[in-house]
Amino acid sequence: MIKIIQVFSIVILTSLACFPFFFSFLPSINTKMLLAVLGLMVFPLDYMNGRTQAFGKSFFRLSLGALGVSFCSFLSMTVNNTPDDSYLGYIVSMWVWLFAAYFCVYLMRQVHEDVSVETVGYYLVGVALLQCTLGLLINHFTFLKDLVDAYITGEKYMGVGVENRLYGIGCALDVGGGRLGAILIILAYLILLSIKRQKSQWVYMGLLGFFFYILVIGNMMGRTTTVGAVIAIAYLAYSIVSNREIQSASIRSFLSTTVWVIVVGVVVCIGLYNVSPETRKLLRFGFEAFFNYFETGKFETNSTNMLSAGLIFPDNLRTWIIGDGYMASGANDPYYIGPADYGFYMNTDAGYSRFIFYFGLIGLLTFMSFFVNVWRECAQKIKNVKLFFMAILVLNFCIWIKVSTDLFVIFAPFLCIIPVEEK
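How each quantity is defined
Residues numbered from 1 in each chain as written. Predicted model: local features only at pLDDT ≥ 70, side-chain atom pairs only at ≥ 80, totals over all residues. Heavy atoms only, no water. Helix = DSSP H or I, 4+ residues; strand = E, 2+ residues; numbered from the N terminus. Contact = heavy atoms within 4.5 Å. Buried < 20%, exposed > 50% of the residue type's maximum accessible area, 1.4 Å probe, protein only. Core = buried A, V, L, I, M, F, W, Y, C linked by side-chain atoms within 4.5 Å. Pairing = 2+ DSSP bridges. Axes fitted to C-alpha atoms, helices over the stretch in contact; angles between N-to-C directions. Expected span 1.5 Å × (residues − 1).

Engineer: Tell me about the environment of T366, and name the residues and values.
Structural biologist: Within the secondary structure layout, T366 lies in helix 15 (residues 351–381). Along the chain, T366 and G65 lie 301 residues apart, while their C-alpha atoms are 7.6 Å from each other. Not counting residues within four places of it along the chain, the set of residues in contact with T366 comprises G68, V69 and C72.

Printed below as a string of structure tokens:
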């Protein structure tokens, strides 16, 4: 019982790190910052016990990459004489994400001693299940919604006030959808492990049920979850086909269980769609593209239409190279004389467009190389997971087509794992 309480507490703290938010009575410090302070406090303890050697090497190399992103931001601001410092402090942001994750992994070690990719993966799945369940509860119980809206604040991606979709606590819109999509890739990795180890059908069924649950509820929060699901399925399918260690009997058992979970999940969704107007509204939002395809013959959503209109690029070489120095609204600059916008420079929230307009190809390529280095650090630290981390990297770059958020928060806890040879 004590261990169950410990595990659940770590899931909650990991959620505070992955989906940070502010309290209305403490508007200047979010949960991620608080956990990062705790991470800095336990770091010396691990250092004295010799548990930080691999982390220290990664920390230095990745800090240089993040510093490059901050420098590109400074360069664009200086050349263009703008006050937009959206990515000037990216190195500090990276440190905060990393030490918040370090504290969570430190707690995992206190409970489980050895922390592996599998251990971190299960905790992140627990975070996704928690956020999806919170989304349903907040939507269903008015008193809980009022409580969350009154005391929880943060960036506008918190989802508060957005109609026809769910939001958790710190988890909503494309930011939440992207991270939930990454956790679906983690679930695919855990499913693959269960197949290799020939675990019981109940394990398959549980993991597949979690996958279906996060996919459906996650889409009701942010439809970017679907992108993660597609990459997760492709990664799982390729790994099963190409891995000779997996026996054909295990594959048949997994496929039969998959069919049953899908059938049951679809039947439940259809039943709720027909008896609950609220569920019908949420399902139509979450899977709008599929409803549009069957009803109008067009596989599109309002978001994809906005994306096609917002995926724009500079019309001059100077902006392509160094950017215009604006990422947020130009209205934030009292000396701005460009065209009016609705909150984002050039009226686009498409990630690649915003990065190029902000600090040009110089900044974009620097930022992309930083994430390639993050992937390389994870792949070198832990054996036989290169393809798994590559899938998350691909998702990160896919998300940038739609929005400018990134998935360093998902990579961070894996960077804090101590490799077996270091223990």
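Engineer: Give a description of the side chain of S73 that names residues and reports values.
Structural biologist: Relative to the elements of secondary structure, S73 occurs in helix 3 (residues 53–80). Residue classification places S73 among the buried residues on the basis of a relative accessible area of 0%. What S73 contacts, discounting residues up to four positions off in sequence, is Y87, L88, Y358 and F359.

Engineer: Got a sec to walk through the nonpolar core? Specific residues and values, please.
Structural biologist: Ranked by size, the top nonpolar core spans 128 residues in total, and within it I186, F370, F371, F388, F389, F408 and F414 carry the most contacts. If one sorts the elements of this core by residue count, helix 4 (residues 90–112) sits on top with 17 residues. With sequence-adjacent residues up to four places away left out, F371 is seen in contact with Y90, L393, N396, F397, W400, D406, L407, F408 and F411.

Engineer: Tell me about the sheet that holds strand 2 (residues 26–30), residues and numbers included.
Structural biologist: Strand order in the open sheet made by the three strands is 2-1-3, with antiparallel pairing throughout. Only two strands of the sheet have a single partner each, and these edge strands are strand 2 and strand 3 (152–153). With two bridges connecting them, strand 1 (residues 22–23) and strand 3 associate as antiparallel partners. Note that in strand 3 the partner of F23 across the bridge is I152. Helix-sheet contacts for helix 2 (residues 31–48) involve strand 1 and strand 2, and the interaxial angle to strand 2 is about 50°.

Engineer: So what about helix 9 (residues 225–242)? Which residues, and what values?
Structural biologist: If you check helix 9, its first and last C-alpha atoms are 26 Å apart, about what 18 residues at 1.5 Å a residue would give, namely 26 Å. T225, G228, A229, I231, A232, Y235, L236, S239 and I240 are the residues of helix 9 that are buried.

Engineer: Requested: an account of the pairing of strand 2, with residues and values cited.
Structural biologist: Across two bridges, strand 1 lies against strand 2 in antiparallel orientation. Directly across from F23, in strand 2, lies its bridge partner L26. Here strand 1 hands over to strand 2 after two residues, the two strands then running antiparallel side by side.

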